[in-house]
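Observations on the three-dimensional arrangement
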Amino acid sequence: MAETVSRVAVTPIHPCLGARVEGVDLAGPLDEVTFQRIFDAFQEYSVLVFQDQRLTDEQQMTFSRRFGPLETTINSIGQERRLHPNLVDLSNIDPRRDGRLMGWDDRRMLYQSGNQLWHTDSSFKPVPAMASLLSGREVPAVGGETEFVSMRHAYATLPEETRRRLEGRVVVHSILYSRSTIAKGLFDPEQEREQPPVRQALVRANPVNGRKSVYIGSHAWYVEGMDYDESCSLLDELLAHTTRPEHVYQHRWHAWDLVMWDNRCVLHRGRPWDATLHRRVMRRTTVAGEGPTADPPFASRSVAWDGIIPEGVGL
Ligand code: OGA
Ligand code: MN
């Protein structure tokens, strides 16, 4: 029997993270050898870029499911719920007004602008996302890039003393907190009740290769058991260390790029563009994580973010 010869080529694109993957058509069925090559590259490089992948929504979901079950989207003003519940719709096209472009003053776009803060997807859920796959369907010629940094590289380059300070720590994450830094009232009371703060380990290890990462980002609200000001400066310090400009891979989109990233060890953010002039239509699928990163997964007092500092924060 002829051996399957995989034509997949993996080329690193940045010293800290990321690789381009060529010689594969993600729309078609993928044999085990080819999928394994992609899976291994994902564990190693954390961000994979595939070009010229004209995927339908169905094909994108089928490929994504090879990595595990998909997340469903949360109930928010950022979502029009026109698509399959496994798809996140990131676009500046107004579905209610004949496809007119929405500017940054539109509340739905204001909500979406939360993606321009460094974050890791779904860290505000009790089981945070493992991977995200973003398909660029229509992309602006200028702006609208997506940037990535490695929280694994960040951990590896921390002083030993700081690493010891982080060990065993738990951080409370909340999307009500992160969106509150943009504007008030982006969630209605019912939506707020659906998003209680969750606990995440501050240091995580990849289950395949054991490599450790810090785990932070815009939803990271405070470190449990630490004075609130000290917690804020620690999280700010870690973010600054992780996102140093020379550590950033900036992806400039071409239509039909598919970029996937490892949310366990990568922060990302979208960059602005002239949304009243240029269309940007993206579709995301999100592979669920394997389980909570801290036990128990929910913070002890479920407060909606309205300026209340929870117990134990020490203000
Ligand atoms: C995302 C995201 C940023 C962008 O899809 O999770 O944060 O550039 N996207 O659209
Ligand atoms: Mn995101």
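From a predicted model like this one, the values you see are computed outputs, not experimental measurements. (Residues numbered from 1 in each chain as written. Chains lettered and ligands numbered in written order. Predicted model: local features only at pLDDT ≥ 70, side-chain atom pairs only at ≥ 80, totals over all residues. Heavy atoms only, no water.)

Description of the site of ligand 1
Residues in close proximity to ligand 1 include Leu-90, Asn-115, His-119, Asp-121, Leu-134, Glu-145, Thr-146, Trp-261, His-268, Gly-270, Arg-280 and Arg-284, which together make up its full environment. Between ligand 1 and Asp-121 there is a distance of 3.1 Å, counted from an oxygen atom to a side-chain nitrogen or oxygen. Measuring from an oxygen atom of ligand 1, one finds a side-chain N or O atom of Thr-146 at 2.6 Å. Tallied by class, the residues present in the shell around ligand 1 amount to 3 nonpolar, 5 polar and 4 charged. (Near = heavy atom within 4 Å. Polar contact = N/O pair within 3.5 Å; in protein donor to acceptor, adjacent residues only side chain to side chain. Nonpolar A, V, L, I, M, F, W, Y, C, P; charged D, E, K, R; others polar.)

What to know about the confidence of the model for the protein
The predicted model of the protein has a mean per-residue pLDDT of 92, with 93% of residues at 70 or higher. Here helix α7 (residues 189–193) stands out as the element of the protein with the lowest mean pLDDT, 89, in contrast to strand β3 (residues 47–50), whose mean of 99 is the highest. Here residues 302–306 scores under 50 on pLDDT; set against residues more than four positions off or in separate chains, the count is 13 contacts. Contacts from residues 310–315, a stretch scored under 50 in pLDDT, to residues over four places away or in other chains number 14 contacts. (pLDDT = per-residue confidence, 0-100. Helix = DSSP H or I, 4+ residues; strand = E, 2+ residues; numbered from the N terminus. Contact = heavy atoms within 4.5 Å.)

A few points about the packing of aromatic side chains
The description of an aromatic ring pair rests on the distance of the ring centres and on the angle between the ring planes. One pass over the full model with this rule turns up 12 aromatic pairs. Considering the side-chain rings of Phe-35 and Phe-67, the 4.9 Å spacing of their centres and the 65 degrees angle between planes classify their relative orientation as edge-to-face. With Phe-35 in helix α1 (residues 32–45) and Phe-67 in the loop between α2 (57–65) and β4 (87–91), the pair connects residues that are 32 residues apart, well separated along the chain. Take Phe-35: its relative accessible area is 7%, and that puts it in the buried class. Across the ring face of Tyr-111, the terminal group of Arg-179 is positioned such that the distance to the ring centre comes to 4.3 Å. The ring centre of Trp-273 lies 5.1 Å from the NZ or CZ of Arg-280, which sits over that ring. (Phe/Tyr/Trp six-rings, centres within 6.5 Å; stacked < 30°, edge-to-face > 60°. Buried < 20%, exposed > 50% of the residue type's maximum accessible area, 1.4 Å probe, protein only. Lys NZ or Arg CZ within 6 Å of the ring centre and 35° of its normal.)

Concerning the sheet that holds strand β11 (residues 220–223)
One open sheet accounts for 3 strands, arranged β8-β7-β11; its pairing is antiparallel. Since the sheet does not close on itself, it has two edges, and those belong to β8 (198–201) and β11, each with one partner. For this sheet the average axis-to-axis angle between neighbouring strands, irrespective of direction, equals 40 degrees. By the bridge criterion, 3 bridges tie strand β7 (residues 170–173) to β11 in an arrangement that is antiparallel. Among the inter-strand pairings, His-173 is bridged to a residue of β11, identified as Ala-220. Strands β7 and β11 of the sheet are contacted by helix α8 (residues 228–242), whose axis makes an angle of about 125 degrees with β11. (Pairing = 2+ DSSP bridges. Axes fitted to C-alpha atoms, helices over the stretch in contact; angles between N-to-C directions.)

Comments concerning the sheet that holds strand β14 (residues 266–270)
Strand order across the open sheet formed by 3 strands is β12-β6-β14, with antiparallel pairing between neighbours. Both edges of this open sheet fall to β12 (249–251) and β14, since each of them pairs with a single strand only. Between one strand axis and the next, the sheet turns through 20 degrees on average, direction left out of account. Strand direction decides the pairing type here: strand β6 (residues 146–150) and β14, joined by 5 bridges, are antiparallel. Residue Ser-150 lies in a different strand from β14, and its bridge partner there is Val-266.

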